[in-house]
Amino acid sequence: MRTFLEWCVRNDYLESESNIFPILKSEKDLNNTSIAIYSPEDFQRLLDQSSGDLRVCVALSGLTGIRAAELQRLEWSDVTEEHLEVARDKAKTRSRRLIDITPTLRRMLPHPIPKEGLIWPWSPTEFGKQMRSLFLRAGVNKKDNAFRHSFISYRLALTSDENTTSREAGNSPEMIYKNYREVVSQKEAKKWFAVL
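Residues numbered from 1 in each chain as written. Predicted model: local features only at pLDDT ≥ 70, side-chain atom pairs only at ≥ 80, totals over all residues. Heavy atoms only, no water.

## Description of a nonpolar patch on the surface
Right, on to step 1. A contiguous nonpolar patch, built from Met1, Phe4 and Trp7 and spanning about 390 Å² of accessible area, is present on the exposed surface.
Right, on to step 2. In this fold, phenylalanine 4 is placed in helix H1 (residues 2-10). (Patch = residues over 30% accessible without salt bridge, like charges linked within 9 Å, V, L, I, M, F, W, Y side chains within 5 Å. Areas by Shrake-Rupley, 256 points an atom, 1.4 Å probe, with all protein chains shown as cover. Salt bridge = Lys/Arg side-chain N within 4 Å of Asp/Glu carboxyl O. Helix = DSSP H or I, 4+ residues; strand = E, 2+ residues; numbered from the N terminus.)

Set out below in structure tokens:
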């Protein structure tokens, strides 16, 4: 919505002095609130209550920080033993990125990794329905973008490297450092990346 409103201002369809203008601040400026994350125990419960395609999606969400919309566009050809490629045409920011496949995630992927087809072969509506049902079964409170926020928080705590984390997440190092530094401990991060 913000992108559309910015376009309207640039093309003189909307006055920059209008009451809507404060909404046009960047995510960096708007993101002054604490971020919502899941605990390693929440993540484990979600994995325990899921299976098949849904379990793979939960694992990818928590262990790569991929956005839900990006995940639903991914194909098995984007996954190797070493990394997950989010191509420009599948990424929100339209910039390609590679995310390391952790040993834990590698164990959760099918073997051998399929060569073709969508990772989530069903509709976006079905994805939302199954995720809501999963959170209810697991007894975990669903939070907006929390898989992504969790991955970034735990990854930064584990590596202490905002440059690597920003490369994998597709955000700037400054944004990663400002919003995710010291959100969780390294001990918690090790638990997050050791789920089964």
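## Some remarks on unusual backbone geometry
Right, on to step 1. Residue proline 112 is reached from histidine 111 by a cis peptide bond, and omega for that bond is 0 degrees.
Right, on to step 2. Among the secondary structure elements, proline 112 is positioned in the loop between helix H6 (103-108) and helix H7 (124-138).
Right, on to step 3. One non-glycine residue with positive phi stands out, namely asparagine 145, at about 55 degrees.
Right, on to step 4. Look at asparagine 145 and you get exposed, because its relative accessible area is 54%.
Right, on to step 5. Of note, the phi angle at glutamate 182 is positive, near 60 degrees, even though the residue is not glycine.
Right, on to step 6. Here glutamate 182 shows up in the loop between helix H10 (173-180) and helix H11 (186-192). (Buried < 20%, exposed > 50% of the residue type's maximum accessible area, 1.4 Å probe, protein only.)

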